[in-house]
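Summary of the model geometry
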Amino acid sequence: MSATTTPLQTIGVLGAGRVGTAVARQALTTGYEVKIATAKPAAEIELIVEIVTPGAQAVDAAEAATADLVILAVPLHKYRTLDPGLLAGKAVIDVMNYWAPTDGEIDDFEHDPRTSSEIIQEFLVGARLVKSLNHIGYHELEEDCQPAGAADRRALALAGEHDDSKALVAGFIDRLGYDPVDAGPLAAGRAYQPGTEIFNGSHTAPVLHALLAAAPAPAFH
Ligand SMILES: NC(=O)c1ccc[n+]([C@@H]2O[C@H](COP(=O)([O-])OP(=O)(O)OC[C@H]3O[C@@H](n4cnc5c(N)ncnc54)[C@H](OP(=O)(O)O)[C@@H]3O)[C@@H](O)[C@H]2O)c1
């Protein structure tokens, strides 16, 4: 898919754990301004942010949510601690996964046939959610990046209901060093949830397109 022409400057990251800090560092490397937050006050994470993601600004969650694009990198079981009001109208990447063998069984996800991102979208009413960056390991994000046009460039899928958000996210993924591949609506993210072939591997865009095409059609609710 084509990258956005909208100027995207600021990335807000909610969650300063393994994934949040890796995304923050890669975004900084590629020229974005990065604001990173946890549930704690900014002052409590200033030092660790300076060490782990030098160049990023430690902020409160409310300020991170003012960025052009917000990355949700909190443990899935904590999603209800997010404030939907902060994210209404915002382009948001949901990097979170539900995987009972490691997360333990979480009722909200275990007994609902929808994908975790559809459930998160319902909770974050008004957010323009895109499921992506969930199927690359945090340790790989800064290693597997390649310039556009590289023959074996790794591809990352994205899915969502909002074309403007998807275009923004596609441009972001491309700048991070990966080929963005539009999987379709949010429900199509089922094809790259934990346990799937896409989730478990590293794929170029043609292979990812083929795997997405071979995946069962997303269920609509
Ligand atoms: N590990 C991977 O390679 C990988 C790859 C792709 C996707 N994922 C998914 O990404 C998600 C995060 O994984 P992780 O390994 O990065 O988790 P993690 O290392 O446990 O970090 C989670 C971070 O979220 C913060 N947090 C918790 N509640 C918050 C809130 N309401 N607002 C802002 N920040 C909050 C935590 O800080 P405080 O508790 O101090 O606030 C912590 O900094 C998971 O759903 C995981 O499945 C993981």
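Residues numbered from 1 in each chain as written. Predicted model: local features only at pLDDT ≥ 70, side-chain atom pairs only at ≥ 80, totals over all residues.

**Considerations on the UniProt feature "domain: Pyrroline-5-carboxylate reductase catalytic N-terminal" (unreviewed entry) in the chain**
So the rule is basically this: UniProt positions are given in the numbering used here, feature names are shortened, and annotations may be inferred rather than shown by experiment. The secondary structure listing takes helices from DSSP runs of H or I that are at least 4 residues long and strands from runs of E that are at least 2 residues long, numbered from the N terminus.
Mapped onto this numbering, the UniProt entry gives "domain: Pyrroline-5-carboxylate reductase catalytic N-terminal" (unreviewed entry) at residues 10-98. In this annotation, residues 10-98 is assigned 30% helix and 22% strand; the end-to-end C-alpha distance for the span is 28 Å.

**Description of the site of the ligand**
Our working definition: Any residue whose C-beta atom, as placed from the backbone, lies within 6 Å of a molecule or strand is termed near it.
Near the ligand, the surroundings consist of 25 residues, among which G15, G17, T38, A39 and M96 are the closest. It is helix α1 (residues 18-29) that provides the largest number of residues to the shell around the ligand, a total of three residues.

**Examining the nonpolar core**
As a reminder, the rule being used: Structurally, a nonpolar core is described as a collection of buried Ala, Val, Leu, Ile, Met, Phe, Trp, Tyr and Cys residues joined by way of C-beta atoms within 7 Å. Counting other C-beta atoms within 10 Å of a residue's own tells you its class, since 20 or more makes it buried, 12 or fewer makes it exposed, and anything in between is partly exposed; those C-beta atoms are placed from the backbone. Here, residue contact means that the backbone-derived C-beta atoms of the two residues sit within 7 Å.
One finds L14 and I36 to be the most contacted residues of the largest nonpolar core, which totals 67 residues. When residues in this core are grouped by element, the largest group, seven residues, is from helix α8 (residues 163-176). Non-local contacts of I36, meaning those with residues more than four positions away in its chain, are made with V13, A16, G20, A24, V49, T53, A56, A58, V59 and A64.

**Some remarks on the sheet that holds strand β6 (residues 128-131)**
Defined as follows: Criterion used throughout: strands pair if DSSP finds at least two bridges between them. The axes are straight lines fitted to the C-alpha atoms, using for helices just the contacting stretch, and the angles between their N-to-C directions are given from 0 to 180°.
Strands sit in the order β3-β2-β1-β4-β5-β6-β7-β8 across an open sheet of eight strands; the sheet is mixed. What marks the edges here is a single partner per strand, and that holds for β3 (57-58) and β8 (179-184). Here strand β7 (residues 155-160) pairs with β8 via five bridges, running parallel. Pairing of A155 across the sheet is with D179, part of β8. Its contacts with the sheet put α1 on β1 (10-14), β2 (33-37) and β4 (69-72), and the angle it makes with β2 is roughly 165 degrees. Of the strands in this sheet, β4, β5 (91-94), β6, β7 and β8 are in contact with α8, which crosses β7 at around 165 degrees.

**Details of the environment of G55**
Along the chain, G55 falls in the loop between α2 (46-52) and β3. C-alpha separation for the pair G55 and K35, spaced 20 residues apart in sequence, amounts to 9.3 Å.

**Re the pairing of β1**
Judged by how many residues are buried, β1 sits mostly within the fold: four of five residues are covered. Judged from the five bridges that link them, β1 and β2 form a sheet pairing that is parallel. Pairing of L14 across the sheet is with A37, part of β2.

**Topic: unusual backbone geometry**
We note that L133 has phi near 60 degrees; this positive angle belongs to a residue other than glycine. Residue placement: L133 occurs in the loop between β6 and β7. Exposure remark for L133: the 27 C-beta atoms within 10 Å place this residue in the buried category.

**Quick word on the environment of G12**
As for its placement among the helices and strands, G12 is situated in strand β1. The buried category is assigned to G12, around which 28 C-beta atoms lie within 10 Å. The spatial distance from the C-alpha of G12 to the C-alpha of C145 is 21 Å, given a sequence separation of 133 residues.

**Side note on the confidence of the model for the chain**
As a reminder of what qualifies: The predictor rates its confidence in each residue with pLDDT, a number between 0 and 100.
Taken residue by residue, the chain gives an average pLDDT of 95. The fraction at 70 or more is 95%. Within the model, the stretch residues 1-5 combines pLDDT values under 50 with 10 contacts to residues more than four positions away or in other chains.

**Topic: the pairing of β4**
Residues L69 and I71 point to one face of β4 and V70 and L72 to the other, with burial holding for every one of them. Across four bridges, the pairing between β1 and β4 is parallel. Across the sheet, residue V13 finds its bridge partner in β4, namely I71. Sheet topology places β4 next to β5; four bridges connect them, and they run parallel. Opposite I71, over in β5, you have I93 as the bridge partner.

**A look at the environment of I198**
With respect to the element layout, I198 can be found in helix α9 (residues 197-200). Those residues in contact with I198 that lie beyond four places of it in its chain are H135, A157, A191, Y192, H203, L208 and L211.

**Structural notes on α8**
Heads up, the condition is: Expected helix span is computed as 1.5 Å times (number of residues minus one).
A rise of 1.5 Å per residue sets the reference length of α8, with its 14 residues, at 20 Å; its end C-alpha atoms lie 20 Å apart and thus fit the reference within 8%. Burial within α8 is extensive, with 11 of its 14 residues counted as buried. Where α8 is concerned, the buried positions are S165, K166, A167, L168, V169, A170, G171, F172, I173, D174 and L176. Where α8 is buried, its residues meet α1, β4, β5, β6, β7 and β8. Once α8 finishes, G177 follows within two positions and takes phi at roughly 115 degrees, a positive value.

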